[in-house]
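Each chain is listed here by its residues.
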Amino acid sequence: MRILILGLGVTGISVMRHYRNTAELVGFDEQFDRFSPDLRRMLRRNLSAIVTDRRLLAPKIRQAHRIVVSPGLPLRSLGLSASNPGVVGDLDIAYGKRRGGRFLAVTGTNGKTTTTKLLASILTVHTGRSKVVVAGNIGTPLLNEVGKKSNLYYVVELSSFQLELARTFRPR
């Protein structure tokens, strides 16, 4: 299976780590040359190819079985839409990896981080610190956290970009 990872920031690296032993990985990021030398070395070790120019992206898109889009990348400017076959976001990958637990999603224009922290604090008081995971745009990608333990509360800060690609993610 060939997976194209669009965006090699925090989420892209999380996706790369998730798939690195199970698929051929190709990465795209126009900012790659601005990454630290250590990060560029690590990405080169784990990806079979790295594309830094969107004009060269079309063949990689056609060759990919799955295209994982990092939050914030405008799909249209890359010649894609959420309805393209194989296009997926990190939320659905993470949600498919879950082992129980409850997911609370915080979205909106203003106050997401404050609300996420407040919900996490309330849940921590009632369930204990070891039962609450804060993830998403607030710091740690959800994919890094899901599947480690069961019966957790996941408080996830989400962007509209992530929601656009969410097909199976179902917070309650």
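A brief look at the structure comes next. Quantities reported herein were computed from a predicted structural model and do not represent experimental measurements.

## Section: the sheet that holds strand β8 (residues 153–157)
Step number 1: Pairing within the open sheet is parallel, and its three strands lie in the order β6-β8-β7. Each having just a single partner strand, β6 (102–106) and β7 (132–136) make up the two edges of the open sheet. On average, each strand axis in the sheet is inclined to that of its neighbour by 20°, with strand direction left out of account.
Step number 2: Helix-sheet contacts for helix α5 (residues 112–127) involve β6, β7 and β8, and the interaxial angle to β8 is about 170°.

## A closer look at the side chain of Thr11
Step number 1: Mapped onto the secondary structure, Thr11 falls in helix α1 (residues 10–19).
Step number 2: Judged by its relative accessible area of 14%, Thr11 is buried.

## Describing α5
Step number 1: Under the 1.5 Å per step criterion, the end-to-end length of α5 is 22 Å for 16 residues, consistent within 8% with the ideal 22 Å.
Step number 2: By the burial criterion, the buried members of α5 are Lys112, Thr116, Ala120 and Leu123. Along α5, the residues classed as buried sweep out an arc of 70° about the axis, all on the same side. In α5, the exposed positions that point more than 90 degrees away from the buried face belong to Thr114, Lys117, Leu118 and Val125.
Step number 3: Of the surrounding secondary structure, the elements contacted by the buried residues of α5 are β6, β7 and β8.

## Things to note about the pattern of salt bridges
Step number 1: In the structure shown here, the tally under the stated rule is five salt bridges.
Step number 2: In this structure, Asp38 engages Arg41 in a salt bridge whose closest nitrogen and oxygen atoms are separated by 2.3 Å. Of this pair, Asp38 and Arg41 both sit in helix α2 (residues 37–46), three residues apart, which is roughly one turn of the helix.
Step number 3: The class of Asp38 is exposed, set by a relative accessible area of 54%.
Step number 4: The shortest N-O distance in the salt bridge between Lys148 and Glu145 comes to 3.9 Å.
Step number 5: We classify Lys148 as exposed; its relative accessible area is 54%.
Step number 6: The exposure class assigned to Glu145 is buried, which follows from its relative accessible area of 18%.

## Observations regarding the sheet that holds strand β2 (residues 24–28)
Step number 1: Taken together, five strands build an open sheet; the order of strands is β3-β2-β1-β4-β5 and the sheet is parallel. A strand with exactly one partner marks an edge of an open sheet, and here the two such strands are β3 (49–51) and β5 (87–89). On average, each strand axis in the sheet is inclined to that of its neighbour by 25°, with strand direction left out of account.
Step number 2: Where strand β1 (residues 2–6) lies against strand β4 (residues 66–69), four bridges are found, and the strand directions are parallel. Within the sheet, the bridge partner assigned to Ile3 lies in β4 and is Arg66.
Step number 3: The strands touched by α1 within the sheet are β1, β2 and β4, with β1 carrying the most contacts at an inclination of about 165°.

What counts as what
- Residues numbered from 1 in each chain as written.
- Predicted model: local features only at pLDDT ≥ 70, side-chain atom pairs only at ≥ 80, totals over all residues.
- Heavy atoms only, no water.
- Pairing = 2+ DSSP bridges.
- Helix = DSSP H or I, 4+ residues; strand = E, 2+ residues; numbered from the N terminus.
- Axes fitted to C-alpha atoms, helices over the stretch in contact; angles between N-to-C directions.
- Contact = heavy atoms within 4.5 Å.
- Buried < 20%, exposed > 50% of the residue type's maximum accessible area, 1.4 Å probe, protein only.
- Expected span 1.5 Å × (residues − 1).
- Arc of directions from axis to C-beta.
- Salt bridge = Lys/Arg side-chain N within 4 Å of Asp/Glu carboxyl O.

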